[in-house]
Amino acid sequence: MPKSSLVVGLTHETSLLVTPDLTVPNVSGRLAAFGDMPPVFATAFLVAFFEAACIECLRGHLQEGEHTVGVHVDVSHVAATPVGMNVTVKVKLIEIEGRRLTFRVRAEDGTGLIGEGAHQRAIINIGGFLDRVAAKANSGGSAWPPEQAQAEGPSRSYAAGRSSGLSNHHGRALAFRR
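Residues numbered from 1 in each chain as written. Predicted model: local features only at pLDDT ≥ 70, side-chain atom pairs only at ≥ 80, totals over all residues. Heavy atoms only, no water.

1. A closer look at the nonpolar core
The condition is simple: Among the buried residues, those of types Ala, Val, Leu, Ile, Met, Phe, Trp, Tyr and Cys that are joined through side-chain atoms within 4.5 Å form a nonpolar core. Exposure categories follow from relative accessible area, calculated using a 1.4 Å probe and restricted to protein chains: below 20% of the type maximum is buried, above 50% is exposed, and the middle band is partly exposed. Each helix corresponds to a stretch of at least 4 residues labelled H or I by DSSP, and each strand to a stretch of at least 2 residues labelled E; elements are numbered beginning at the N terminus. In this description, contact between two residues means that some pair of their heavy atoms is separated by no more than 4.5 Å.
Ranked by internal contacts, the top residues of the largest apolar core, which has 23 residues, are L6, V87, V89, V91 and F103. Secondary-structure elements contributing two or more residues to this core are α1 (43-58), β3 (86-97), β4 (100-109) and β5 (112-125). If one sorts the elements of this core by residue count, α1 sits on top with seven residues. Those residues in contact with F103, other than ones at most four positions away along the chain, are C54, C57, L58, V91, K92, L93, I94, G117, A118, H119 and R121.

Shown next as structure tokens:
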């Protein structure tokens, strides 16, 4: 279990300079659709920045061998931020429900609000988590090592019966709601 210092109300604030590598065209060379998009701070990197700030907020409040993983993100990205501006993220732990932690997240640049919402993280035991990931990888459902994944290409997701062909960082198929 986490330390007694893990309590509702913990906050963290951090800033980041937007550089060209944090813009939409640079989200991933494997996702070509982003290549011709405007060079502004990418939503993908905003979400990653929110996650990183929450992780930093928890430093010193978890036991040795514990960490957290992101399990839910519900944020809006309401304004573009160009290269050269700073983005400041503020996070606040607003709920602890067992091993699930809920944060309120907010991001601003020099002109005001650019994004806000909620992010949930789950406390994990690193050893047990990695054991489950290894078991999953060894079950035949993983295209790992990377050489095998590249050889099989992106259609492997469809062959595995996933409806969208896309998965989140937990390897679960993504479902899109309308």
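Picking up after the structure, the text goes on.
2. A few points about the pattern of salt bridges
Going by this rule: Any Lys or Arg side-chain nitrogen located within 4 Å of an Asp or Glu carboxyl oxygen qualifies as a salt bridge.
Enumeration according to the criterion identifies four salt bridges in this entry. Among the salt bridges present, the one from R121 reaches E51, with a minimum N-O distance of 2.8 Å. Placement of R121 in strand β5 and of E51 in helix α1 is noted, with a sequence separation of 70 residues between them. Grouping residues by exposure puts R121 and E51 together as buried. One salt-bridge network, in which partners are shared between bridges, spans R106, E108 and E116.

3. Side note on the sheet that holds strand β1 (residues 11-17)
Working definition: the strands of a sheet are paired by backbone hydrogen bonds and lie parallel or antiparallel to each other. Put simply, the rule reads: For two strands to be treated as a pair, DSSP must find at least two bridges joining them. Axis definition: a line fitted to C-alpha atoms, over the contacting stretch in the case of helices. Angles run 0 to 180 degrees between N-to-C directions.
Spatially, the five strands line up as an open sheet ordered β1-β3-β4-β5-β2, and their pairing is antiparallel. Of all the strands in the sheet, the pair left with one neighbour each is β1 and β2 (66-77). Direction aside, neighbouring strands of the sheet carry axes that sit 25° apart on average. With seven bridges joining them, β1 and β3 adopt antiparallel strand pairing. When the sheet's bridge partners are listed, L16 is paired in β3 with V87.

Interpretation in functional terms is not warranted from these geometric data alone.
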